[in-house]
Structure formats: C-alpha cells, structure tokens
Amino acid sequence: MQINIFDEAFVETKPFVFFLMDSLKKHFPQLDDLMLEKFIAMQALYRSWNEKINVISRKDMDFFVQRHLLHSLSILKVIRFRPGAVIMDAGTGGGFPG
C-alpha cells in the first residue's frame, strides 16, 4: 500500500509523521521508505480503531512511537532475522506486537 504522507488526509498529523519517521530512522536506519510508510499507515489504523475498541490505552496514543512502536521493534537491535523468516508473537499484552 503506497501512501502519500503529504496528502490532505495526513495534514493534521504531519508533525507526528515527521516525528515518527525521524524516530524510526534514528533507531533503525535499515528501514526503507516503504517500511516507514507502512508504520505511518499502521499508526493511523491504531488511532482509528483505538477510538472504537480501545486496542491500547487511550492515554498512550500520544506516546505511540515511544511506548509501543519502538518497544515492539527493539528486538531488531539484538536479533538479525533471515529474509523470509516467520516470527510468532506470543503476546505481551494490550493488542500491540512485542
């Protein structure tokens, strides 16, 4: 799924999008543009669904990157997965992989 982060749908979240991209690139420089776009789209989905069914704490949505996304990706700092590897999330809580 290709998204344009400068599309009108993202105007109200531009500061967040830049923060998200900067944070991910800082900690995970190996992420390509397509991966970054998917994380941006994922954040929008979490925000939308969280309003309906409380996937993660509503108070945590403002800290989505720090408390959820970066935490979930932190395994990449210690384990290098082979291309095509299948990974199982055994579950660590409230609806976010990690």
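Structure shown above.
Below is a summary of the structure that appears in this document. (Residues numbered from 1 in each chain as written. Predicted model: local features only at pLDDT ≥ 70, side-chain atom pairs only at ≥ 80, totals over all residues. Heavy atoms only, no water.)

Quick look at the environment of aspartate 62 now. Position of aspartate 62 among the secondary structure elements: in the loop between helix H2 (33-53) and helix H3 (64-73). Residue classification places aspartate 62 among the exposed residues on the basis of a relative accessible area of 59%. Expressed as a C-alpha distance, the spacing of aspartate 62 and phenylalanine 16, which sit 46 residues apart in the sequence, is 9.3 Å. (Helix = DSSP H or I, 4+ residues; strand = E, 2+ residues; numbered from the N terminus. Buried < 20%, exposed > 50% of the residue type's maximum accessible area, 1.4 Å probe, protein only.)

Turning our attention to the layout of surface pockets. Here the second largest pocket is characterised by a volume of approximately 330 Å³. Take the lining of the second largest pocket: its biggest share by element is three residues, from H2. A per-class count over the lining of the second largest pocket returns seven nonpolar, one polar and two charged. (1 Å grid on protein atoms, 1.4 Å probe; cavity = no way out; pocket = protein on both sides within 12 Å on 5 of 7 lines; lining within 4 Å. Points joined across faces, edges and corners; volume = space filled by probe spheres on them. Nonpolar A, V, L, I, M, F, W, Y, C, P; charged D, E, K, R; others polar.)

So, about the nonpolar core. Among the nonpolar cores identified, the biggest contains 17 residues, and Leu20, Leu24, Phe64 and Leu69 are the most heavily contacted of them. Secondary-structure elements contributing two or more residues to this core are helix H1 (14-27), H2 and H3. Broken down by element, the residue count for this core peaks at five residues, all from H3. Excluding residues within four positions of it along the chain, leucine 20 makes contact with Phe39, Ile40, Val65 and Leu69. (Core = buried A, V, L, I, M, F, W, Y, C linked by side-chain atoms within 4.5 Å. Contact = heavy atoms within 4.5 Å.)

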